[in-house]
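Take a look at the letters that make up each chain.
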Protein chains: 2
Amino acid sequence: MSKVLNQRYGVSADTFARVTAVIKEMGYEASLVAQSLRNHRTNVIGILVADIEPFSTELLKGAADAIRGTGFELVVYSAGGRIGDPQGWEHRYLTRLSGTLVDGAVLVTPAVDLEGIPGTPVVAVDPHTGRAALPTIDSDNLHGGRLATEHLLALGHRRIALITGREDLKSAQQRETGYRGALASAGLPVDENLVRRGDYEADIAAESARRLLREPDRPTAVFAANDITAIAVIQAAQELGLRVPEDLAVVGFDNIPESALCTPPLTTVQQPIREMGHRAVELLVRLINGDEPTDTHITLSTELVVRQSTRPLTP
Amino acid sequence: MSKVLNQRYGVSADTFARVTAVIKEMGYEASLVAQSLRNHRTNVIGILVADIEPFSTELLKGAADAIRGTGFELVVYSAGGRIGDPQGWEHRYLTRLSGTLVDGAVLVTPAVDLEGIPGTPVVAVDPHTGRAALPTIDSDNLHGGRLATEHLLALGHRRIALITGREDLKSAQQRETGYRGALASAGLPVDENLVRRGDYEADIAAESARRLLREPDRPTAVFAANDITAIAVIQAAQELGLRVPEDLAVVGFDNIPESALCTPPLTTVQQPIREMGHRAVELLVRLINGDEPTDTHITLSTELVVRQSTRPLTP
DNA sequence: CTGAAAGCGCTAACAA
DNA sequence: TTGTTAGCGCTTTCAG
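Let me begin by describing the structure that accompanies this report. None of these values were measured; they are calculated from a predicted model. (Residues numbered from 1 in each chain as written. Chains lettered and ligands numbered in written order. Predicted model: local features only at pLDDT ≥ 70, side-chain atom pairs only at ≥ 80, totals over all residues. Heavy atoms only, no water.)

### A word on the overall build of chain A
Turning to step 1, where the next piece is worked out: Within chain A one finds 11 helices and 12 strands.
Turning to step 2, where the next piece is worked out: Dimensions of chain A, computed from the C-alpha atoms along their principal axes, are close to 85 × 35 × 35 Å.
Turning to step 3, where the next piece is worked out: Relative to its full complement of 315 residues, chain A shows a buried share of 53%.
Turning to step 4, where the next piece is worked out: Looking at chain A alone, contacts between residues at least 24 apart form 72% of all its contacts between residues at least 6 apart.
Turning to step 5, where the next piece is worked out: Only carbon and sulfur atoms are counted for the fraction: they give 51% of the accessible area of chain A, which is about 13,800 Å².
Turning to step 6, where the next piece is worked out: Taking the average location of the 31 positive side-chain charges in chain A and that of its 40 negative ones, the two points are 2 Å from each other. (Helix = DSSP H or I, 4+ residues; strand = E, 2+ residues; numbered from the N terminus. Buried < 20%, exposed > 50% of the residue type's maximum accessible area, 1.4 Å probe, protein only. Contact = heavy atoms within 4.5 Å. Areas by Shrake-Rupley, 256 points an atom, 1.4 Å probe, with all protein chains shown as cover. Lys, Arg positive; Asp, Glu negative; His and termini not counted. Charge placed at Lys NZ, Arg CZ, Asp CG, Glu CD.)

### Details of the sheet that holds strand 4 (residues 122-125) of chain B
Turning to step 1, where the next piece is worked out: Strand order in the open sheet formed by 12 strands is 11(A)-5(A)-4(A)-3(A)-1(A)-2(A)-2(B)-1(B)-3(B)-4(B)-5(B)-11(B), and the pairing between neighbours is mixed. The outermost strands of the open sheet, each flanked by one partner alone, are strand 11 (297-300) of chain A together with strand 11 (297-300) of chain B. Each neighbouring strand pair of the sheet contributes to a mean axis angle of 20°, computed without reference to strand direction.
Turning to step 2, where the next piece is worked out: Direction of pairing for strand 2 (residues 73-78) of chain A relative to strand 2 (residues 73-78) of chain B: antiparallel, over a ladder of three bridges. Bridging across to strand 2 of chain B, V76 of chain A finds its partner in V76 of chain B.
Turning to step 3, where the next piece is worked out: Sheet contacts for helix 4 (residues 54-67) of chain B: strand 1 (44-49), strand 2 and strand 4 of chain B; angle to strand 2 of chain B, the most-contacted strand, approximately 165°. (Pairing = 2+ DSSP bridges. Axes fitted to C-alpha atoms, helices over the stretch in contact; angles between N-to-C directions.)

### Describing the side chain of K61 of chain A
Turning to step 1, where the next piece is worked out: Mapped onto the elements, K61 of chain A comes out in helix 4 (residues 54-67).
Turning to step 2, where the next piece is worked out: By relative accessible area, K61 of chain A is classed as buried at 16%.
Turning to step 3, where the next piece is worked out: Beyond its immediate stretch of four places on either side in the chain, K61 of chain A contacts R274 of chain A together with I52 and E53 of chain B.

### Observations concerning the relation of the copies chain B and chain A
Turning to step 1, where the next piece is worked out: Relative to chain A, chain B is turned by 180° and slid 0.1 Å along the rotation axis, the superposed coordinates differing by an RMSD of 0.1 Å. Considering both components of the superposition, the chain copies are consistent with a two-fold axis. (Least-squares fit on C-alpha atoms with pLDDT ≥ 70 in both.)

### A look at helix 9 (residues 227-239) of chain B
Residues and elements named next belong to chain B.
Turning to step 1, where the next piece is worked out: Between its first and last C-alpha, helix 9 extends 18 Å over 13 residues, near the 18 Å set by a 1.5 Å rise per residue.
Turning to step 2, where the next piece is worked out: Among all positions in helix 9, only D227, T229, A230, I231, A232, V233, I234, A236 and A237 are buried.
Turning to step 3, where the next piece is worked out: Between the side-chain oxygen of the N-cap and the backbone nitrogen of I228 there are 3.4 Å, and the N-cap of helix 9 in question is N226.
Turning to step 4, where the next piece is worked out: At the exit of helix 9 stands G241, carrying a positive phi of roughly 85°. (Expected span 1.5 Å × (residues − 1). Polar contact = N/O pair within 3.5 Å; in protein donor to acceptor, adjacent residues only side chain to side chain.)

### Notes on the pattern of salt bridges
Turning to step 1, where the next piece is worked out: Considering all chains together, one arrives at 36 salt bridges over all chains under this definition.
Turning to step 2, where the next piece is worked out: Put simply, R196 of chain A and E215 of chain A hold a salt bridge, and the shortest N to O gap is 2.9 Å. Residue R196 of chain A is found in strand 7 (residues 195-196), and its partner E215 of chain A is found in the loop between helix 8 (202-214) and strand 8 (221-224); the two are separated by 19 residues along the sequence.
Turning to step 3, where the next piece is worked out: Classification of R196 of chain A as buried rests on a relative accessible area of 15%.
Turning to step 4, where the next piece is worked out: A salt bridge links R180 of chain B to E176 of chain B, with the shortest nitrogen-to-oxygen separation between them at 3.0 Å. On the criterion of helical spacing, the pair formed by R180 of chain B and E176 of chain B is a turn pair, its members being four residues apart in helix 7 (residues 170-185). (Salt bridge = Lys/Arg side-chain N within 4 Å of Asp/Glu carboxyl O.)

### Examining the nonpolar core
Turning to step 1, where the next piece is worked out: I45 and I47 of chain A together with I45 and I47 of chain B are the most contacted members of the largest nonpolar core, which has 60 residues in total.
Turning to step 2, where the next piece is worked out: Counting 48 residues, the second-largest nonpolar core is a separate cluster that includes L212 and A232 of chain A together with V222 and A237 of chain B. (Core = buried A, V, L, I, M, F, W, Y, C linked by side-chain atoms within 4.5 Å.)

### Remarks on the packing of helix 8 (residues 202-214) of chain B against helix 9 of chain B
Helix-helix packing is described using two parameters, namely the angle between the two axes and the distance between the axes.
Residue and element names in this part refer to chain B.
Turning to step 1, where the next piece is worked out: At a closest axis distance of 8 Å, the pairing of helix 8 and helix 9 adopts a crossing angle of 45°. Classed by the angle they form, the pair helix 8 and helix 9 counts as oblique. Of the two elements, helix 8 crosses helix 9, and the hand of that crossing is right-handed. Counting all contacts with helix 8, which are made through A202, A205, A206, A209, R210 and L213, the residues of helix 9 involved are I228, T229, A232, V233, A236, A237 and E239. (Parallel < 35°, antiparallel > 145°, perpendicular 65-115°, else oblique. Left-handed = near helix turned anticlockwise from the far one by under 90°.)

### A few points about the interface of chain B and chain A
Turning to step 1, where the next piece is worked out: Each partner contributes to the interface: chain B provides 38 residues, whereas chain A provides 38 residues.
Turning to step 2, where the next piece is worked out: In total, chain B and chain A occlude about 3,500 Å² of area from one another, counting both sides; carbon and sulfur atoms represent 60% of this.
Turning to step 3, where the next piece is worked out: When residues of chain B are sorted by the area they lose upon contact with chain A, V33, R96 and L261 of chain B head the list and together hold 21% of the total.
Turning to step 4, where the next piece is worked out: Between chain B and chain A we count zero salt bridges in total.
Turning to step 5, where the next piece is worked out: Where chain B packs against chain A, one counts one residue pair in polar contact (both at pLDDT 80 or more).
Turning to step 6, where the next piece is worked out: Elements with a contribution of two residues or more to the side of chain B that touches chain A: helix 3 (32-38), helix 4, strand 2, helix 5 (89-97), helix 9 and helix 10 (257-261) of chain B.
Turning to step 7, where the next piece is worked out: Across the side of chain B that touches chain A, the residue classes tally to 18 nonpolar, 11 polar and nine charged. (Buried area = accessible area lost by both parts, 1.4 Å probe. Nonpolar A, V, L, I, M, F, W, Y, C, P; charged D, E, K, R; others polar.)

### Quick look at the pairing of strand 3 (residues 104-107) of chain A
Both faces of the sheet carry side chains from a regular strand, because those side chains alternate between them.
Residues and elements named next belong to chain A.
Turning to step 1, where the next piece is worked out: Of the two faces of strand 3, the one holding G104 and V106 and the one holding A105 and L107 are both buried throughout.
Turning to step 2, where the next piece is worked out: With four bridges connecting them, strand 1 (residues 44-49) and strand 3 associate as parallel partners. Across the sheet, residue L48 finds its bridge partner in strand 3, namely L107.
Turning to step 3, where the next piece is worked out: As paired elements, strand 3 and strand 4 (residues 122-125) share three bridges and run parallel to each other. Opposite V106, over in strand 4, you have V123 as the bridge partner.

### Some details on the protein's contact with DNA strand C
Turning to step 1, where the next piece is worked out: By nearness alone, 18 residues border DNA strand C, and K3, T15 and R38 of chain A together with Y28 and R38 of chain B come closest of all.
Turning to step 2, where the next piece is worked out: The backbone of S12 of chain A places a nitrogen or oxygen atom 3.1 Å from a phosphate oxygen of DNA strand C.
Turning to step 3, where the next piece is worked out: In the environment of DNA strand C, a base nitrogen lies 2.7 Å from a nitrogen or oxygen atom belonging to the side chain of R38 of chain A.
Turning to step 4, where the next piece is worked out: Secondary structure elements with two or more residues in the surface near DNA strand C: helix 3 (32-38) of chain A together with helix 3 of chain B.
Turning to step 5, where the next piece is worked out: No other element matches helix 3 of chain B, which puts three residues into the surface near DNA strand C.
Turning to step 6, where the next piece is worked out: Residue composition of the surface near DNA strand C, by class: five nonpolar, nine polar and four charged. (Near = heavy atom within 4 Å.)

Written as structure tokens, this is what we have:
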């Protein structure tokens, strides 16, 4: 009967038909768990995300696209933004699943740099440490940071603030480095008073923005470390009666769907999030199948998308 | 050693310490699969979604909230909007997982009405059939449809179009029934030419809207069967040079985050999506634990949220 | 071609 | 208190 299910040799046409009939009759489906335990191949790819939010959602869509036609199934594990177990839940999940429930995993939870699990291929998206031992998909955050800042400079802005991202993330650091580099290249000093915390949290960013914008010598432009932050900045500005982009230009980073829909639509550096998900799955499948690993550190390029939240500075 | 892990009686302090040390040393974690196979309790709740899109994402957030502190883990299975297997993938997944990998499941994939799996509690969100045999969470779509339509009537509109939702979904039908009912109550006939297909698909809805709005006797208001549809309508109107809400009022349904961010922000009927996710998990946990099932068909109420996409009709 | 049996990693029950 | 064993549902191997 197992032979029938798995299309193996050594079954007479008669038995085959009979067994098939009964299987249909009973609506039988093999237990995934028992299969997993026996075969070590499961044809399931796990994606571990820290939380369900716009970035991870976009990434999941890309991953879902990529998985189609590969014969793999997709299972998403969300830590649900939990706090109690900040370190190592990735590792714990991974070891519990590996070898059995999943053939490989994509880690979208960037806070931990783990050395891979022995038998289980893992691809990290935008990891903590930058180029780790693990295969990695990320995007060119350094260049993106420069692009955003240069755009504002080209529009005539000189007092350009930065709302930073999470300090523990390499990607956020690189965006800041790009910002500083662009100012330096333009021969401008960095006014440290214009660099404020954002942590990629809407609340924190909004608070920083409110304080910043209430100061007498406020900036004419803000580069926000991601779109969530940028949208918070726009809202804070509007609360204070400032118009965007007339009184304040805002540039974001990420290009989540919300950035095109907010008011006004956000000029942002496009990180190809869906493609990152796509590539991550693609790479992982290749690793699982034991194909030649070509390149295991893929950096996708970033691009500026100009929308209505910026325009030339009018003096 | 199993006893150590599971905190069972009959282990000396000495052995406990030694075993614990080795476990730490090796970074051991019990295999979820083997555990599942042995114990039939897994402490995992599965959520099956048809696709990763704004509605299911919102719902997942609510579910993730609810799961905290219950001792359950959350695993999401996405069909990835697949087409080849339109019927019954839910059933297939469910039978493959049930009794082993998950203790229960939430179905967010509304297209199929299945009778429950023997041993596995299942809660359906917004199901195909309305009040099925399965425990159900939904919202008051009928009332919501009335609310939306009555709002437009109160603003003075008389030519109110409807872009419908997916025909196979009870919820979409109810929104339409609410629309027709409100018009009838106001003593207005339904102009069938103003009722167009949307299928909850942005492309289809946009095309319907473009045709509708190009006709000589176009409506002054549109009730869109969900927010995705409504945003598509707004974009179509803007393409044609119509201003929203000056030339066309638009009301949506669902209240996904995008509806507050689109331009102009969308007046919409609020379906408490997050709460639906929350309630679904809550109910499921209760069923799994064998608690008294109180009420297994929960209908949450809907409310109108007025934003800038509607305002009184100016003749 | 069909039936029986071992074993995947784990835990509950039992024997020592 | 510790060590041993059966068996969860499946597939693969080997004997009939």
